[in-house]
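Summary of structural features
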Amino acid sequence: MEYKNIKVVIKDSVGLITLNRPKALNALSPELMSELSHCVETLDSDSKIGCLVLTGSSKAFAAGADIKEMRGKSYMDVYKSDFITKDWEAVSRCRKPIIAAVAGYALGGGCELAMMCDFILAGESAKFGQPEINLGVIPGAGGTQRLPRFVGKSKAMEMVLLGQDRLMSATEAERSGLVSRVISDEKLIEEALRTAGKICKLSMPILMMAKESVKRAYEVNMVEGVRFERRLFHSTFSTQDKEEGMAAFVEKRPPNFKDK
Ligand code: CAA
């Protein structure tokens, strides 16, 4: 597939995807989302790739779903096509670790897309928000569900109800648990790639299990989640990488994981 709205660069074992619709502040048009979905699925199934990084420009990670494209759509159009579903779920379905590196605006669907990633590294200029209310709609790609889980009800409710008037800065996003770290804008991509590079050195099947287990915490109750974690933990003992990881510790050397 030829990409017109995203750029993909492979650096060592890291797939760096850059949203690239600068004239529309990376508004997430169906065409862009179709390319992104294809790209994430391709990298996810490529055995040479260990981690994905998703980023935008210095002005905008993404300013939301494409309003100009949505403007002419009716209820029947969006209901029958299940708008914001098929191509929007690839990131949350990705089994490999995927990091969002966010500078500038991450609004509406842009904020929701970043939250679908495993963690968010924010540049100092990052601004998060759910301004759908100003357009006479509500968030449609998980904003009302993921945001309260990350920042708590009060802040999420304020952001969803006040829209453009309640954006969240990078510093507040870190304080509130929405982003894992704030980095200077200049160093953001470098640091995201460095972090992804460290992840790539680890065992892929074990990373997948760890990721799946953390995601479960947001899907089931604590008792079920801990039971799920325990079973996955047990299953790690069937892997060669567990033998290698523990042997390397005892022998005081770096592990050499084989993804087996
Ligand atoms: N869709 C389509 N085009 C968009 C866009 C969007 N979400 N966001 C920005 N653009 C376009 C603008 O229309 C403008 O295009 P023109 O030059 O052709 O006029 C261009 O990008 C630059 O934008 P601005 O001139 O507005 O730039 P600014 O610096 O003055 O403002 C901004 C930046 C505050 C992000 C402003 O662009 C803005 O508010 N954008 C819309 C944000 C928004 O409401 N997002 C939610 C969308 S709905 C959604 O996402 C639903 C969902 O949950 C999935």
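Just above, that's the structure.
Residues numbered from 1 in each chain as written. Predicted model: local features only at pLDDT ≥ 70, side-chain atom pairs only at ≥ 80, totals over all residues. Heavy atoms only, no water.

Topic: the overall build of the protein
This is how the line gets drawn: Helix and strand definitions here come from DSSP, where helices need a minimum of 4 consecutive H or I residues and strands a minimum of 2 consecutive E residues; each element is numbered from the N-terminal end. Just to be clear, the radius of gyration here is over C-alpha atoms, and the globule rule we use is 2.2 Å times residues to the power 0.38. Only protein chains enter the accessibility calculation, which uses a 1.4 Å probe; a residue is then buried when its area is under 20% of its type maximum, exposed when over 50%, and partly exposed in between. When checking whether two residues touch, look at their non-hydrogen atoms; a contact exists if any pair is within 4.5 Å. All accessibility values rest on the Shrake-Rupley procedure with a 1.4 Å probe; residue burial counts only the protein chains present in the view.
The helix and strand tally for the protein stands at 12 helices and 10 strands. Since a compact globule built from 260 residues should have a radius of gyration of about 18 Å, the 19 Å found for the protein is in line with a globular shape. A principal-axis box enclosing the C-alpha atoms of the protein has dimensions of 60 × 45 × 40 Å. Out of the 260 residues in the protein, the part that is buried amounts to 43%. Across the protein, the fraction of contacts at a sequence separation of at least 24, relative to all contacts at a separation of at least 6, is 67%. As presented, the protein carries roughly 14,200 Å² of accessible surface, and 55% of it is formed by carbon and sulfur atoms.

Some thoughts on the side chain of aspartate 44
What counts, and what does not: Within this scheme the basic residues Lys and Arg register as positive and the acidic residues Asp and Glu register as negative, but His and the chain ends are omitted. One side-chain nitrogen of Lys or Arg within 4 Å of one carboxyl oxygen of Asp or Glu is enough to make a salt bridge.
Examined against the element boundaries, aspartate 44 turns out to sit in helix H1 (residues 30-44). The charged side chain of aspartate 44 is buried without a salt bridge, its nearest counter-charge being lysine 96 at 4.9 Å.

Topic: the sheet that holds strand S2 (residues 14-19)
Rules: Two strands qualify as a pair provided that DSSP identifies no fewer than 2 bridges between them. To get an axis, fit a line to the C-alpha atoms, keeping to the stretch in contact for a helix; angles then go from 0 to 180 degrees between the N-to-C directions.
Strand order in the open sheet formed by six strands is S1-S2-S3-S5-S7-S10, and the pairing between neighbours is mixed. Of all the strands in the sheet, just strand S1 (6-11) and strand S10 (181-183) have a single pairing partner and so form its edges. Here the strands of the sheet are splayed against their neighbours by 20 degrees on average, with no regard to which way each runs.

Focus: the site of the ligand
The line we're drawing: Whether a residue is near a molecule or strand depends on its heavy atoms: if one lies within 4 Å, it is near. Each polar contact in these results corresponds to two N or O atoms within 3.5 Å; when the atoms are within protein, one needs to be able to donate a hydrogen and the other to accept it, and residues that are neighboring in sequence are counted only if both atoms are side-chain atoms. The definitions used throughout rest on a 1 Å grid laid over the protein atoms alone, on which a cavity is an enclosed set of points accommodating a 1.4 Å probe that cannot get out and a pocket is an open set flanked by protein within 12 Å on both sides along at least five of seven lines; lining residues are those having an atom within 4 Å of a point. Whether a molecule sits in a cavity or pocket is decided by its atoms, more than half of which must lie within 2 Å of the grid points. For this classification, Asp, Glu, Lys and Arg are treated as charged, while Ala, Val, Leu, Ile, Met, Phe, Trp, Tyr, Cys and Pro are nonpolar and the rest, including Gly, are polar.
Residues in contact with the ligand amount to 25 residues; listed here are only the nearest, Lys59, Gly109, Glu112, Glu132 and Gln164. One nitrogen or oxygen atom from the side chain of lysine 68 is found 3.0 Å from an oxygen atom belonging to the ligand. The protein chains hide 68% of the 990 Å² of surface that the ligand would expose on its own. Counting atoms within 2 Å of the grid points, the majority share of the ligand lands in the largest pocket. Contributing elements (two or more residues each) for the shell around the ligand: helix H2 (67-70), strand S6 (105-107) and helix H5 (109-116). Per element, the largest residue contribution to the shell around the ligand is three residues, and it comes from H2. Residues belonging to the shell around the ligand are distributed by class as follows: 14 nonpolar, five polar and six charged.

A short note on the pattern of salt bridges
Applying the stated criterion to the full structure yields 16 salt bridges. For the salt bridge of aspartate 66 with arginine 21, the shortest nitrogen-to-oxygen distance reads 2.8 Å. A residue pair is termed long-range when its members are at least 10 positions apart, and aspartate 66 in the loop between strand S4 (60-62) and H2 and arginine 21 in the loop between S2 and H1 qualify at 45 residues. Of the residues examined, arginine 21 reaches a relative accessible area of 21% and is grouped as partly exposed. Arginine 166 is the partner of glutamate 158 in a salt bridge, and the nearest nitrogen-oxygen pair spans 2.9 Å. Residue class for arginine 166 comes out buried when judged on its relative accessible area of 12%. Where salt bridges share partners, they join Lys155, Glu158, Arg166 and Glu172 into one cluster.

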